[in-house]
Structure formats: structure tokens, C-alpha cells
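Coordinates in review
Chain residues, written in single-letter form:
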Amino acid sequence: MKTNHAEQPETSRRHFLDWILKGGFLATLLGMFLPALTYLWPVTRRGPVGGMVEVGREDDLAVWGAKKISIGESPMILLRTPQSFKAYSAVCTHLGCLVEWSADKRLIECPCHAGFFDVEGRVISGPPPKSLVGHTVRVVDGKIFVKL
Ligand code: FES
């Protein structure tokens, strides 16, 4: 009995160290294989790749419709054409006014100095020196995602 009592702290310490080693080994294994597993998991099951933000549902936007969205501090315009969705920075490349979608003309226009952009974001007329900045759009399971 006396011997048992004397060995108990040693056994407990050994047990504790054993658990620490096993836990460390398990954490190392998880750290190695978890990134590989998330890479191999199909994109459609876990959503689009990182850095994309859900901005609405596919059904909410009619063909040739548009809506203003904002990701963080960045105002954007999201368009739906018969072929795809497109997202552009809503900041005009001339002097930074916010552009708007003109559904009847099917153009993006800047109200400040009559700058016009086509549905690809390219300058058609007016003072803007370059195209609107485009952003990647993906549709996964009916949800629209835009990359900043
Ligand atoms: S700020 Fe847009 S055309 Fe001047």
C-alpha cells in the first residue's frame, strides 16, 4: 500500500506528459493535412475561393438589371447580362464620381461629366481616361459572389 501511494505522482506526471506528446503529435498532423484536404474538397461544396463576398441571389437580378453593392469601403455596380454577371468599381476613372446603370441605354454612365462605359466597363465616350475596374464574379448554387 505504501508503495502504491509513493508511485502515484510519478504515474500521474508520466500520464500528463504522455497526453501532451500525443496532443502535440495530433495537432501537427492536423496542421499538415487539413490545408491539403480543404484544397482537394470540391469548390462547389464549400463555396467559392477565399476573398469572395456573397452579394445576393441570382434570381434577385433580372437580365439587364443592375444593383449597387458595397464590399467593405468599395462601392461597386453588379450587372446581369444575358450571358453572365459582371461587377465593376462604381468609382469613375475620371474624377471619382459614382457611376450608375442606365437600363434603357444599357450603359454605365457617370452623371458628373457625361462619361459612358459599355457593359464590359470600357469607355465609350466622355472624359474618363480608362475602363472601370472589373471584379471577378462567380455564381455558386444560385448565390452571387464578388471578389474585391
Ligand atoms: S467623374 Fe466621371 S466623367 Fe468626370
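Below you will find a few notes about this structure. Model, not experiment: these values are computed from the prediction.

1. Section: the sheet that holds strand β3 (residues 74-80)
- The antiparallel open sheet is built from 4 strands, whose spatial order is β2-β3-β4-β9. Each end of this open sheet is capped by a strand with a single partner; those strands are β2 (66-71) and β9 (134-135).
- As judged from the 5 bridges shared by β3 and strand β4 (residues 85-89), these two strands associate in the antiparallel manner. Bridge assignment links Leu79 to a residue of β4, and that residue is Lys86.

2. Observations concerning the side chain of His135
- Mapped onto the secondary structure, His135 falls in strand β9.
- We classify His135 as buried; its relative accessible area is 19%.
- In this structure the side chain of His135 is engaged in a polar contact, spanning 3.1 Å, whose partner is the backbone oxygen of Lys147.

3. A word on the sheet that holds strand β6 (residues 107-110)
- Sheet architecture is open: 4 strands sit in the order β5-β6-β7-β8, paired in antiparallel fashion. If you trace the sheet from one side to the other, it starts and ends with β5 (100-102) and β8 (123-125), each paired once. The mean angle between the axes of side-by-side strands here comes to 40°, regardless of whether they run parallel or antiparallel.
- Relative to β6, β5 runs antiparallel, the two sharing 3 bridges. When the bridges of β6 are listed, Ser102 appears paired with Leu107.

4. Description of the state of the cysteines
- The tally for this structure, following the rule as stated, stands at 1 disulfide.
- Two residues, Cys97 and Cys112, share a disulfide whose sulfurs are 1.9 Å apart. With the S-S dihedral at roughly -95°, the linkage between Cys97 and Cys112 falls on the left-handed side. Of this pair, Cys97 sits in the loop between β4 and β5 while Cys112 sits in the loop between β6 and β7 (115-117); the two residues are 15 residues apart in sequence, bridging distant segments of the chain.
- What makes Cys112 partly exposed here is its relative accessible area of 38%.

Calculation criteria
- Residues numbered from 1 in each chain as written.
- Predicted model: local features only at pLDDT ≥ 70, side-chain atom pairs only at ≥ 80, totals over all residues.
- Heavy atoms only, no water.
- Pairing = 2+ DSSP bridges.
- Helix = DSSP H or I, 4+ residues; strand = E, 2+ residues; numbered from the N terminus.
- Buried < 20%, exposed > 50% of the residue type's maximum accessible area, 1.4 Å probe, protein only.
- Polar contact = N/O pair within 3.5 Å; in protein donor to acceptor, adjacent residues only side chain to side chain.
- Axes fitted to C-alpha atoms, helices over the stretch in contact; angles between N-to-C directions.
- Disulfide = S-S within 2.5 Å.

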